Structure formats: C-alpha cells, structure tokens
Amino acid sequence: MDRMAIADRRQLRRKLTFWRVAAIVLLVAACFAAYRVAFVSGSNSGEAHVARVQISGLIQDDRELLERLDKIAKSDNAKALIVSISSPGGTTYGGERIFKALRAVAEKKPVVTDVRTLAASAGYMIASAGDVIVAGETSITGSIGVIFQYPQVGPLLDKLGISLQEIKSSPLKAEPSPFHEAPEEAKTVIRNMVMDSYGWFVDLVAERRKLPREEVLKLADGSIYTGRQALAVKLVDRLGGDKEIRDYLKERGVSENLPVADWRAPSTSSPFSLFGLAKVARMLGYEDFLPLAGAASQATDKLFLDGLVSVWQVEPH
C-alpha cells in the first residue's frame, strides 16, 4: 500500500472518529435538553391558565412546595388552583404549613382540592383548605386525629445483655425514651400535647366545614370515610372529578377554555446520576436496560417522620 493510500485511510479514520464523538455529544445534549423539559421546568406558563399542583406521599415540612404555592398566589397568569391530593397524611406541622399556604392562595383566586385515591389525616387537613372539596365516590378520606409514636427496644437490649445508664437534669428530660417504659408523668405530658394539637385540628375542620364542634368531634374519632360517606357527613362538597372541578371554577368566573398547567417541583438530581439516567431512559423507552432504576427510585421514596403525626395507616398483623 503506497503512502497516498495510507494517508487517505488515516484521514478517513480521523473523520469517522470526529463524527462519532460529535454524535455522542449531540445525543447527550439532546437527552439533557429532554430531561430539562420533562422533569425540571415547572409550568410557569406565560399565558392565562389554571394552575395545578400534586401533593402525594407522606406530608412533611416542604419548603419548596410552600415557595411554589406563593408563586402561584402572586402569578397574574394563574387564574385558579387545583390541588390534587393522594396522601395518607404525615406530620401535623407539615400539614399546617401547607394548609396556611393554600389559604393564602385562596385569598387571591379560587382553590379546589381534589381528593384522589386517599387524602386522610394531614391529607384531609390540606384538603379542607380548598374553597371546595371534590372527591371520588370511592376515595378514602377522614381519619381526623393526631398520634405520637415511639419504639421500645429495652426488651431487646435486655436479651443482648446491654444496659443504658443515664443522668438527667429532670425526670421528664428525653422522655419518652425507647430504652425504658415511659413514666406516667411523661405519658401525661405527651397526651396533653397530642390532645392540644387534636383540638386545633378539630377547630380547623369545624371552621372550614362550617359544622358545630360537637358534630366534628363525633367524626374525629379516627374513622375513615369513602367519598360518598364523607359527602353525607359534610366533610366534602361534591363527588366527581375533572368535570366537576371545572364546573365549580366556571361558577367562580374562571373560563372553562383555560388550559390546566402543572406547576411541578424542579428536580434536584443530575441527569447523569442513576436516577436522572433512569428518567431519561424511561422517557426514551429504554428503561429495561437499567434494571436497578426501579429499586433506586423506590429507595428515594423512603421518608422518616418526626414529631406529632396525623397519618392514616394500616397496622400490620
């Protein structure tokens, strides 16, 4: 092979290498752009619209959600707000913060709370912030109440031959402790705290639902209700879904022709992380090539609650 042919082959190889690298760069850029559009950008639409936020999973003190609700309240383009709730509840404080943020929005524009599969305990607390509550006939709601739980590992430590010694400034310091049975004094303090928060929750429901407190107390025994049952006892206003929501908004002067725009939380994960790649792969139809993506996604859903809790849960047997 002469020198001319060798030079031509080398030049061709360099060109192929260049275009291969360029193709990879373009693919990565396209994936990143698609990721930004699909998962990062919220629908802060520049046109008039009905805003919608999703509240799902365990409720906690969510600063980002509070900021998003504040932006919706201040947005001239957001003519109304739909809050879709699918939650068993969560921390009482987290529910309180979101409730107050929704009431701040309601001072400026109509707010509809949409009870999906489940909106119980703190989830119902949030739902009660809406000007109207719409639920499905078989939605689950209610469970008005407060709970404080703590584990007991003392018996296990005894079996392991491990003891814990402590010196406290006062008998109620660090009570209840997971290492020994709580004294009656501590139980009384905790019970008073729980009942104080419970009373606040009951008063909130009585005020928002315009019901006598005595009637709310009968409903606030921790019971859960289907949407049909909740309508009968006046815990929700209407049964239905999207149509009934838009009908109510029309009654409030919000055009039924306005599009519904989801105001989503910006993603905090990188598109090049395992979770980011999983999302991009799912969007492109290649999720089967990332077998760990499902397990990784589930791991991010594990939440730890602290403090007084308003949550509905099925006890294991």
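This write-up is about the structure you can find in this document. (Residues numbered from 1 in each chain as written. Predicted model: local features only at pLDDT ≥ 70, side-chain atom pairs only at ≥ 80, totals over all residues. Heavy atoms only, no water.)

## Some words on the nonpolar core
Going by this rule: Joining through side-chain atoms within 4.5 Å is the link that ties buried Ala, Val, Leu, Ile, Met, Phe, Trp, Tyr and Cys residues into a set, and such a set is a nonpolar core. Exposure categories follow from relative accessible area, calculated using a 1.4 Å probe and restricted to protein chains: below 20% of the type maximum is buried, above 50% is exposed, and the middle band is partly exposed. Here a helix means four or more residues in a row that DSSP labels H or I, a strand means two or more in a row labelled E, and each is numbered from the N terminus.
Residues Leu-69, Ile-72, Leu-81 and Ile-98 are the most contacted members of the largest nonpolar core, which totals 50 residues. Looking at this core element by element, the count peaks at 8 residues for helix 6 (residues 184-209). Residues Ala-80, Val-132, Val-134 and Leu-258 belong to the second largest nonpolar core, which totals 11 residues.

## A closer look at the pattern of salt bridges
If charged atoms from side chains of opposite charge come close, those side chains can pair. Our working rule: Think of a salt bridge as a Lys or Arg side-chain nitrogen and an Asp or Glu carboxyl oxygen that are within 4 Å of each other.
Across all of its chains, the model carries 18 salt bridges by this definition. Taking the shortest distance from any N to any O, the salt bridge between Asp-262 and Arg-52 comes out at 2.7 Å. Remark: Arg-52 occurs in strand 1 (residues 49-56) and Asp-262 occurs in strand 9 (residues 260-262); sequence separation between them is 210 residues. In this structure, Glu-181 engages Lys-187 in a salt bridge whose closest nitrogen and oxygen atoms are separated by 2.8 Å. In this structure, a network of salt bridges that share partners links the residues Arg-103, Asp-131 and Arg-252.

## A short note on a nonpolar patch on the surface
Which entries qualify depends on this criterion: For patches, a residue must show more than 30% relative accessible area and have no salt bridge; joins then use 9 Å for like charges and 5 Å for nonpolar side chains, namely Val, Leu, Ile, Met, Phe, Trp and Tyr. Note that accessible areas follow from Shrake-Rupley with a 1.4 Å probe, and for residues the cover is restricted to the protein chains shown.
Residues Leu-156, Leu-160 and Ile-162 make up a contiguous nonpolar surface patch of about 300 Å² in total accessible area. Among the structural elements, Leu-156 can be located in helix 5 (residues 154-160).

## Description of the pairing of strand 1
Regular strands show a simple pattern: their side chains alternate between the two faces of the sheet. Note the cut-off: Paired strands, as defined in this entry, are two strands with at least two bridges between them according to DSSP. A crossover counts as right-handed when, viewed with the strands pointing away from the observer, the path leading from the first strand over the helix to the second turns clockwise.
Strand direction decides the pairing type here: strand 1 and strand 2 (residues 78-87), joined by 8 bridges, are parallel. Bridging from a neighbouring strand, Ser-56 pairs with Ser-86 of strand 2. Each parallel crossover has a hand, and for strand 1 linked through helix 2 (residues 63-74) to strand 2 it is right-handed. In this structure, strand 1 lies alongside strand 9, joined through 3 bridges in parallel fashion. Directly across from Arg-52, in strand 9, lies its bridge partner Asp-262.

## Some points on the pairing of strand 5 (residues 132-135)
Here strand 5 shows no split at all, with Val-132 and Val-134 on one side and Ile-133 and Ala-135 on the other all buried. In this structure, strand 4 (residues 111-120) lies alongside strand 5, joined through 4 bridges in parallel fashion. Opposite Thr-113, over in strand 5, you have Ile-133 as the bridge partner. Taken together, strand 4, helix 4 (residues 122-127) and strand 5 form a β-α-β motif whose crossover is right-handed. Taken together, the 2 bridges between strand 5 and strand 8 (residues 238-239) define a ladder with parallel strand orientation. Looking at the pairing, Ala-135 lines up with Leu-239 of strand 8.

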